[in-house]
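What the coordinates show
Okay, here's what each chain looks like letter by letter:
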Amino acid sequence: MGREHTHANRLIREKSPYLLQHAHNPVDWYAWSDEAFEKAKQEDKPIFLSIGYSTCHWCHVMERESFEDEEVAFLLNQHYISIKVDREERPDIDHIYMAVCQAMTGHGGWPMTIIMTPQKQPFFAGTYFPKASKWGRPGLMDILHQAAELWEKEPERIAHIVERITEAVSGHLTGDADGELTEDTMAHAYQLFRQQFEHRDGGFGDAPKFPTPHNLLFLLRHWKLTGEEQALAMVEQTLTAMHRGGIYDHVGYGFSRYSVDREWLVPHFEKMLYDNALLAYTYLEAYQATKRPLYAQVAREIFTYVLRDMTDPEGGFYSAEDADSEGEEGKFYVWTPEEIRNVLGSEVGELYCAAYDITESGNFEGSSIPNLIRHSFAETAKRLGKGEPELRQLLADARERLFAAREQRVHPGKDDKILTAWNGLMIAALAKAAQVLGEDKYEQAAARAVQFVQGKLSRQDGRLLARYRDGEAAHLGYADDYAFLVWGLLELYEATLDSRHLQDAVRLTDDLLRLFWDAQAGGLFFYGSDGETLIARPKEIYDGATPSGNSVAAYNLLRLFHLTGRTEYQERAEQLLQAFAGSIEQYPPGYSFSLMALQLATGPVREIVIAGEHGSEEVKQLRAALRDSYQPLAVIACHDPNDNDTLADIAPAIQEKTMQAGKTAVYVCENFTCSAPLTDLQQVKQLLAD
């Protein structure tokens, strides 16, 4: 983001796009390193820690206002050791200091600003600050002067602040609290979601609105298990409203991170891989449950965007795209009627403007974000005196031409680092698409990404690493990396019935429990026993923008128990959920993915084993039958006689179920009882329907 490269600091040697954005600041930045902390100790200086990520709009603003400014840089270089951290590379550091920021200020966000001792103990926290104090907001220059004076003249006061902060955040970082989770917990979560549901525009609460797809997944499954029609209605209204809004990119596809208004019109234009993975998965599950073609269409379009714009040539997935281009938020995505007509001509241009709300006055800073909020295609077709199929075809052709024209614009920045955790989420979504839509290209894309992670983001001893970029893998993988990748592998196993994916899921789960399990209180620490020791070892259970590693791990463990028959997986899942029961009980909607694990724990889970060669025609037909059935609490496995050695090692429960007289057979078990093996496809379909 530097205007002119008159400086180069240590960050020029880093791989993180976020750190490289700051490599030409006049600030004498360090990456998080022993070198930085040793220098702070030797020179008796406090640490100025700045945490952000490459597509963060206000991080860019603070850089332009302060970190590119010679006056700010002089003050930082004279009195502080300055450290830059990419929160997506080092979520362990981010988790700890975000808890500090929330405890000290009541809120958090990025850029995050921390001032701390050389022993990594914080005594000041905040988020964005302008250079100079204004409008009641303190300026960075004043903060830096005051903190430097405090450091020099009142060390005993700093020690007191550090002690109070440590006490305040210790409980917050572990999430341990006594409680009991039951089916009533899930019913309570549903009632709270109902109370918070925004009936006019879908979603929950007021602006800004975040998609939080795992909330919708919980509600969809709650409807399936209880028959609560309002749960399904909330999901459908939200999914439809989000797609119609400007948060969805109607020209190039994919979702932005959140909407700044209640009707999903004006997005914060950055696009994150994790949002698009979780949303695609949710639209697919909604399609499976309702058979509404729109949901399958949206999922396919998300994958079109990801496979076109966010995929490395070797198969991994990039992290994010910026909101800004040419220094302006959203400039790449918005249109005027004149721009539309210049591309499409007068007649088709007017049609497109009418359908997608492109007006002279605009809906965003004088330009227009394409959206379908005001009118459906059917309403627009009627208003314009055209048939709906004809209008849809005209608009589809127009979209392709507008996309080609938009490609000529200056693109937003792309964060092309590849994160194991977020790749795990996209693998899960693509594998789900292979299951639900039966399209091989999604299975192939998921399998390529698995190969990428195994080849580029795994050490020779199998230890996962967190980030790959520009030929370098770095940072020991976190609990999220393991849990999300295992989720993807389990989805890919059910999509392909290839036992290698189940074998990998078992191996990584065993590694996760070995490296991250809290033997005293239960649950998984965020970073491994072999990781860098920080001022705390947090455990995360809150399901925020992404679900927590603990909640996904609990879900995986229960699926693995039903697939393999290994009771230690069930026991660990129950211990994990119990470790956080008090936190979940206090506000269950904040832990929706944990509640999905609880749904599995309370059952009934249906175990479906196909005994036959997984590439045979009979097995393909059975997979197609399963595809037509929405069974969120089912696990699907295959005993291919060619896999006996593998299954004997990892899943003897599957190996026990064999073909019948040379014919492919299906076993369905539920509530600890199994049906007789079925070899007739119609009988299988009937049993699934029942």
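Because the structure is predicted, anything quoted here is derived from the model rather than measured.

A word on the pattern of salt bridges
Applying the stated criterion to the full structure yields 52 salt bridges. Note that E360 is salt-bridged to R341, the shortest N-O span being 3.8 Å. Of the two residues, E360 sits in the loop between α14 (346-356) and α15 (377-384) while R341 sits in helix α13 (residues 337-344), which places them 19 residues apart along the sequence. Residue classification places E360 among the exposed residues on the basis of a relative accessible area of 61%. Here R341 falls in the partly exposed class, since its relative accessible area comes to 27%. In this structure, a network of salt bridges that share partners links the residues E198, R200, D201, K209 and R262.

Brief notes about the pairing of strand β18 (residues 665-670)
The element β18 is extensively covered by neighbouring structure, given that 5 of its 6 residues are classed as buried. The pairing of strand β16 (residues 606-611) with β18 spans 6 bridges and is antiparallel. The residue bridging V609 from the neighbouring strand is Y667, located in β18. In this structure, β18 lies alongside strand β19 (residues 673-674), joined through 2 bridges in antiparallel fashion. Among the inter-strand pairings, E670 is bridged to a residue of β19, identified as T673.

Considerations on the packing of helix α8 (residues 183-196) against helix α10 (residues 229-244)
It is at 11 Å that the axes of α8 and α10 come closest, and there the two elements cross at 50 degrees. For the element pair α8 / α10, the angle class is oblique. You can see that α8 and α10 cross each other, and the crossing is left-handed. Contacts between α8 and α10 involve Y190, F193 and R194 from the first element and Q230, A231 and M234 from the second.

Thoughts on the state of the cysteines
Per the counting criterion, the structure on display carries 2 disulfides. A sulfur-sulfur separation of 2.4 Å characterises the disulfide bridge that pairs C56 with C59. Measuring handedness by torsion sign, the sulfur bridge of C56 and C59 sits at about 80 degrees and is right-handed. This pair shows no difference in class: C56 is buried, exactly as C59 is. There is a disulfide in this structure between C669 and C674, and the S-S distance comes to 1.9 Å. Where C669 bonds to C674 through sulfur, the torsion about that S-S bond is close to 105 degrees, and the disulfide is right-handed. The buried category is assigned to C669, whose relative accessible area is 3%. Of note for the protein chain: the bonded cysteines, numbered N- to C-terminal, pair according to 1-2, 3-4.

Remarks on empty space enclosed by the protein
Per the stated rule, a full pass over the model turns up 3 cavities of 30 Å³ or more. If you add up the space inside the largest cavity, you get close to 310 Å³. Surrounding the largest cavity, 23 residues form its lining, Q288, K432, Q435, E494 and I636 being those nearest its centre. Among the secondary structure elements, those contributing two or more residues to the lining of the largest cavity are α11 (273-290), α17 (420-437), α19 (479-496), α21 (549-564), α25 (617-627) and β17 (634-639). Here the lining of the largest cavity is composed, by residue class, of 11 nonpolar, 4 polar and 8 charged.

Here's the deal with the nonpolar core
Ranked by size, the top nonpolar core spans 214 residues in total, and within it W32, L49, Y97, F303 and L502 carry the most contacts. At 13 residues, α17 tops the list of elements feeding residues into this core. Residues in contact with L502, not counting those within four places in the same chain, are L490, Y493, L560, L563, I650, A651 and I654. If you look at the next biggest cluster of nonpolar residues, it comprises 19 residues, including W335, A355, I358 and L395.

Brief notes about the side chain of K84
As for its position among the elements, K84 is in strand β3 (residues 81-86). E63 provides the closest opposite charge to the buried, unpaired K84, separated from it by 7.6 Å. A polar atom in the side chain of K84 sits 2.6 Å from the side chain of S50. Each residue touching K84, except ones within four places of it in the same chain, is listed here: L11, Y18, L19, H22, W29, Y30, A31, W32, S50 and F67.

Thoughts on the layout of surface pockets
Roughly 550 Å³ of volume is contained in the second largest pocket. As for the second largest pocket, its lining consists of 23 residues, and the residues nearest its centre are H243, Q297, L372, F377 and R392. Only α10, α12 (293-309), α15 and α16 (388-406) provide two or more residues apiece to the lining of the second largest pocket. Split by residue class, the lining of the second largest pocket holds 10 nonpolar, 6 polar and 7 charged.

Conventions and cut-offs
- Residues numbered from 1 in each chain as written.
- Predicted model: local features only at pLDDT ≥ 70, side-chain atom pairs only at ≥ 80, totals over all residues.
- Heavy atoms only, no water.
- Salt bridge = Lys/Arg side-chain N within 4 Å of Asp/Glu carboxyl O.
- Helix = DSSP H or I, 4+ residues; strand = E, 2+ residues; numbered from the N terminus.
- Buried < 20%, exposed > 50% of the residue type's maximum accessible area, 1.4 Å probe, protein only.
- Pairing = 2+ DSSP bridges.
- Axes fitted to C-alpha atoms, helices over the stretch in contact; angles between N-to-C directions.
- Parallel < 35°, antiparallel > 145°, perpendicular 65-115°, else oblique.
- Left-handed = near helix turned anticlockwise from the far one by under 90°.
- Contact = heavy atoms within 4.5 Å.
- Disulfide = S-S within 2.5 Å.
- 1 Å grid on protein atoms, 1.4 Å probe; cavity = no way out; pocket = protein on both sides within 12 Å on 5 of 7 lines; lining within 4 Å.
- Points joined across faces, edges and corners; volume = space filled by probe spheres on them.
- Nonpolar A, V, L, I, M, F, W, Y, C, P; charged D, E, K, R; others polar.
- Core = buried A, V, L, I, M, F, W, Y, C linked by side-chain atoms within 4.5 Å.
- Lys, Arg positive; Asp, Glu negative; His and termini not counted.
- Polar contact = N/O pair within 3.5 Å; in protein donor to acceptor, adjacent residues only side chain to side chain.

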